[in-house]
Amino acid sequence: LEKKGFTYQTSDGIYFDTSKFQDYANLARLDIAGLSAGKRISIGEKRNKTDFALWKFSKEDVKRDLEWDSPWGRGFPGWHIECSAMCIKYLGETIDIHTGGVDHIPVHHTNEIAQSECATGKKFVNYWLHSEFLLMDSKEKMSKSLGNLVNLDTLTSQGIEPLAYRYLCLNAHYRKQLLYGREILKSAETTYSKLRNKIRKLDQTGVPKKDSEDLTEKALKYRKEFRAAIFNDLNTPQGLAIMWNLLKDEDINAQEKYSLAWDFDKVLALGISQMAATSSLIQEIPARIEELRKQRDEFRKNKHWNESDRIRGQLAKEGYVILDTIKGSKIEKQKSKKQWGTTP
């Protein structure tokens, strides 16, 4: 970048001159002229408001945990350059898909494009997939500063399967905000349990069929519809709806249903291939565990949610997951982490 004339030096580092990259504002649709004409704020030694640091100099009186010697002096890389360096080293100068949150569009990803394309002279990314925020049921963003972080360990400690959370995520398009809350997750867990039970009732004795091999014309239609949904900007909610229509279709035999569901799961990663008929659904549940389930049902009936969650957590520690269905609750042996499936 320096050799090509895209950089300049200030007293605190090496900066990228965004005015020299014609397409700088494209991804974020930034109004550069508007930014320049806006309220005057100090930009220090920067030439333009949108210029950003590629390399920062270490302060002489401050010892950093991470700093290195460089041709420009001892210092450390700017935030944006780290990502471009790793992408180009491990994936090449042009990559197919780059993901991230919508909050990265106006600054971080815009700067990644600028520095990468100016350095290589090639298109940096073919497709950008920006996910919207996950909101708590209070409509707040999940964040460390708000103290409302929930992770997979939180869910498993409450006896909730991580795949139920994945099912919840798949039900919302990645470009739309996703609302998260106790009842919302429990609803997704119930639906995921119904899906698992439907899969378990299917004929799984045959090897899942590939492409058009031995599939009826109607079965192939479902495969075509599913792929069209996924290729339409990763429309997973529509993909799930197509799978449910398949499972309810009485004109498709059980083996074909399982074969197609197994195929769809290469994208959905809901653990369908592990939903064997010989499951914990038919395993004997100890009387003590069954008694805890009944106690929890009573707490739920009286809306004592904290006590209900306490028992759910206790069951989780003992290796059991409790599922709430329209017909009441039931207990299953909890899967190991190896059975959660893999994230696409």
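Structural data are supplied above this passage.
Residues numbered from 1 in each chain as written. Predicted model: local features only at pLDDT ≥ 70, side-chain atom pairs only at ≥ 80, totals over all residues. Heavy atoms only, no water.

**As for the packing of aromatic side chains**
- Applying the stated criterion to the full structure yields eight aromatic pairs.
- A ring pair is formed by Phe 6 and Phe 16, whose centres lie 5.9 Å apart and whose planes are at 5 degrees; its orientation type is stacked. Taken together, the residues Phe 6 in the segment before β1 (7–9) and Phe 16 in strand β2 (residues 13–16) connect sequence positions ten residues apart.
- Residue classification places Phe 16 among the buried residues on the basis of a relative accessible area of 0%.
- Taking 6.0 Å as the distance between ring centres and 45 degrees as the angle between the ring planes, the aromatic pair formed by Trp 55 and Trp 72 counts as tilted. Linking Trp 55 in strand β3 (residues 52–57) with Trp 72 in the loop between β3 and β4 (75–77), this pair joins segments that are 17 residues apart in sequence.
- On the accessibility criterion, Trp 55 (12% relative accessible area) is buried.
- Members of the aromatic cluster, each reached through a chain of ring pairs, are Phe 6, Phe 16 and Phe 52.
- Seen from the ring of Phe 76, Arg 64 lies directly overhead, with NZ or CZ sitting 3.5 Å from the centre. (Phe/Tyr/Trp six-rings, centres within 6.5 Å; stacked < 30°, edge-to-face > 60°. Helix = DSSP H or I, 4+ residues; strand = E, 2+ residues; numbered from the N terminus. Buried < 20%, exposed > 50% of the residue type's maximum accessible area, 1.4 Å probe, protein only. Lys NZ or Arg CZ within 6 Å of the ring centre and 35° of its normal.)

**Details of the pairing of β3**
- Of all six residues that make up β3, five are buried, and the element is covered over most of its length.
- Of the pairings in the sheet, the one linking β2 to β3 comprises four bridges and is antiparallel in character. By the bridge assignment, Phe 16 is partnered in β3 with Phe 52.
- Bridge count for β3 against β4 is three bridges, and the pairing is antiparallel. Note on β4: the bridge partner recorded for Lys 56 is Phe 76. (Pairing = 2+ DSSP bridges.)

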